[in-house]
Amino acid sequence: MKILLIGGGGREHALAWKLAQSPKVEKMYCAPGNPGITAVAECVDIEITDNEALGKFALEHKIDLTVVGPELPLTNGLVDHFTALNLKAFGPSQKAAQLEGSKAFAKDIMHKYHIPTAASAAFTDADCAIAYIKQQGAPIVVKADGLAAGKGVVVAMTLEEAIDAVTLMMKDKAFGSAGNLVVVEEYLEGEEASLLAFTDGITVVPMVAAQDYKRIFDNDQGPNTGGMGTYAPAPVVTPEIREQVRREVLQPVIDGMRQEGIIYKGCLYAGLMITAQGPKVIEFNARFGDPETQVVLPLLHTDLVDIVEACANGNLADINIEWDNKAAVCVVLAAGGYPGIYHKGDAITGLDNAEAQGAMVFHAGTATKNGQIVTQGGRVLGVTAVADSLRNAVDKVYQAVPVIAFDGMQYRKDIAHRAFNRNDK
Ligand code: AMP
Ligand code: GLY
């Protein structure tokens with residue numbers, strides 16, 4: 001069959017790598033792809049937001065199945081457009097993707113269907129939001145509604161910080177229209193985890209749990225990023241907690257959406273806080289996590305094409321999804337200056353040697369210039385190692401990482417260490 005993959009980051013490289021392993025795939029295209037993805041797919045230069053051009057390409061090239069990576073095409077209605085053209089696509093419809101696209105929508109669904117999450121209130125008026133914050137007290141969390149590239153969240157430890165955040169979002173419009181509606185919510189204390197699930201709108205199958213390292217520096221210091229590393233499985237999500245999240249979060253949200261007349265198909269990502277009172281939802285994403293995908297898919301034993309087809313066709317219950325009993329660690333190599341202003345166009349060396357050490361190198365922000373792979377984004381590469389234990393995977397990944405070099409390269413040295421510092425182990 002012919003597959004079209006949408007996106008061009010580390011998540012899509014991992015998806016492409018896994019999809020390409022399926023004996024069913026005779027040809028894969030990726031729009032727009034990246035230099036790493038060219039090893040397994042033909043990259044085509046079409047904008048991920050250009051529904052018309054993507055639909056036209058898929059019809060012309062007789063694409064059997066399209067897999068959508070990033071949130072933007074989902075909230076932009078790409079899957080609806082493909083469905084109208086009678087093209088099969090993996091990913092939620094525009095309405096279903098509101099679970100990620102609108103925090104207020106997600107909160108309403110969670111409250112209505114009794115899904116454990118932080119108590120919250122939504123505001124369109126800054127003064128009302130500030131009055132509520134003063135009444136609740138700090139610590140408290142302020143979130144801009146809508147997509148703000150992960151930057152529209154302020155975890156305020158003081159009242160002053162919270163009020164400043166409201167002013168920034170609602171009065172100064174720091175995130176544009178995403179600040180027209182602001183959600184103020186209870187501060188949750190605990191350890192975070194990401195649990196992704198496959199769903200066809202009825203059946204929900206959780207994947208292995210992962211943890212994402214969002215801060216730029218070791219020991220969770222410095223500003224938030226798109227994710228500096230990840231590992232799986234995350235021991236904070238015990239088999240019991242995973243089952244509890246399936247029963248109390250994932251299944252009820254998919255059932256609740258269906259009751260609202262919305263069939264959610266694709267990958268549902270629950271960002272969780274494992275609190276003393278049990279797991280609570282921080283956010284939903286309507287897609288695979290990045291970088292979580294770079295550790296979850298290497299542990300997937302089952303053919304990914306079979307799974308995504310079953311999700312799109314509505315027969316996920318017929319598939320037996322199996323995981324390897326191994327561990328995976330991914331360390332993100334970022335450009336100097338990231339998450340602030342960073343340099344582009346620096347030559348990258350050592351990619352082949354890192355792979356020769358047994359690591360997988362997923363491209364996130366790279367480009368080709370005069371036949372040489374160069375840096376192009378803030379998060380440049382994701383280096384993943386798989387081993388029979390987490391300790392061995394960590395050792396393996398940190399042997400491979402220094403083999404790669406580019407000007408200003410920075411990475412965290414403590415990915416997965418949280419799993420070793422647990423006092424219940
Ligand atoms: P979000 O974009 O909603 O995932 O939020 C970004 C980050 O802010 C999360 O990964 C958490 O670390 C933190 N965060 C969000 N909501 C809360 C909350 N209610 N309590 C504590 N931390 C939170
Ligand atoms: N790793 C966070 C995300 O994918 O949103």
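Residues numbered from 1 in each chain as written. Chains lettered and ligands numbered in written order. Predicted model: local features only at pLDDT ≥ 70, side-chain atom pairs only at ≥ 80, totals over all residues. Heavy atoms only, no water.

Engineer: Quick one: what's the story with the sheet that holds strand β18 (residues 327-334), residue by residue and with numbers?
Structural biologist: Reading across the sheet, the 5 strands line up as β12-β15-β18-β22-β19 and stay open at both edges, with antiparallel pairing between neighbours. Either end of the sheet is taken by a strand with one partner, and the two such strands are β12 (211-212) and β19 (360-363). Sheet topology places β12 next to strand β15 (residues 229-232); 2 bridges connect them, and they run antiparallel. In the strand pairing of β15, Q211 is matched with Y231. Sitting on the sheet, helix α13 (residues 390-400) touches β15, β18 and β22 (379-387), and the angle it makes with β22 is about 140°. (Pairing = 2+ DSSP bridges. Helix = DSSP H or I, 4+ residues; strand = E, 2+ residues; numbered from the N terminus. Contact = heavy atoms within 4.5 Å. Axes fitted to C-alpha atoms, helices over the stretch in contact; angles between N-to-C directions.)

Engineer: Describe the sheet that holds strand β3 (residues 42-43), listing the residues and the values that go with them.
Structural biologist: Across the sheet, 5 strands lie side by side as β3-β2-β1-β4-β5; this open sheet has parallel pairing. The strands lining the two open edges of the sheet, one partner per strand, are β3 and β5 (89-90). In terms of strand pairing, strand β2 (residues 27-32) meets β3 through 2 bridges, oriented parallel. Bridging across to β3, C30 finds its partner in C43. Along the sheet face, helix α1 (residues 10-19) touches β1 (2-7), β2 and β4 (65-68) and points at about 165° away from the line of β1.

Engineer: Help me get a handle on the site of ligand 2, residues and values and all.
Structural biologist: Taken together, D212, Y269, N285, R287, G289, D290, P291 and E292 are the residues near ligand 2. A distance of 2.8 Å is found between a nitrogen atom of ligand 2 and a side-chain nitrogen or oxygen belonging to D212. The separation between an oxygen atom of ligand 2 and a polar main-chain atom of D290 is 2.9 Å. Out of a free accessible area of 200 Å², ligand 2 has 88% covered by protein chains. Class assignment for the residues of the shell around ligand 2 results in 2 nonpolar, 2 polar and 4 charged. (Near = heavy atom within 4 Å. Polar contact = N/O pair within 3.5 Å; in protein donor to acceptor, adjacent residues only side chain to side chain. Areas by Shrake-Rupley, 256 points an atom, 1.4 Å probe, with all protein chains shown as cover. Nonpolar A, V, L, I, M, F, W, Y, C, P; charged D, E, K, R; others polar.)

Engineer: Please set out the environment of L333 residue by residue, giving values where relevant.
Structural biologist: Its place among the elements puts L333 in strand β18. Taking C-alpha positions, L333 is 40 Å from Y113, a pair spaced 220 residues apart along the chain.

Engineer: Kindly report on α13, identifying the contributing residues and their values.
Structural biologist: Residues of α13 that are buried include every one of L390, A393, V394, V397, Y398 and A400, and no others. Down the axis of α13, the buried set is contained in an arc of 155°. They therefore lie on one face. Lining the buried residues of α13 we find β15, β18, α12 (351-356), β22 and α14 (417-420). (Buried < 20%, exposed > 50% of the residue type's maximum accessible area, 1.4 Å probe, protein only. Arc of directions from axis to C-beta.)

Engineer: Tell me what's going on with a nonpolar patch on the surface, and back it up with residues and numbers.
Structural biologist: Taken together, V153, V155 and M157 make up a surface patch of nonpolar side chains, about 230 Å² in accessible area. With respect to the element layout, M157 can be found in the loop between β8 (153-156) and α8 (159-171). (Patch = residues over 30% accessible without salt bridge, like charges linked within 9 Å, V, L, I, M, F, W, Y side chains within 5 Å. Salt bridge = Lys/Arg side-chain N within 4 Å of Asp/Glu carboxyl O.)

Engineer: Lay out the site of ligand 1 with the relevant residues and their values.
Structural biologist: Contacts to ligand 1 come from 15 residues, most closely from E185, E186, L188, E192 and E283. Interatomic distance of 2.8 Å between a backbone N/O atom of E186 and a nitrogen atom of ligand 1. Between a nitrogen atom of ligand 1 and a main-chain N or O atom of L188, the distance comes to 2.8 Å. Alone, ligand 1 offers 470 Å² of accessible surface; in the complex the protein occludes 90% of this.

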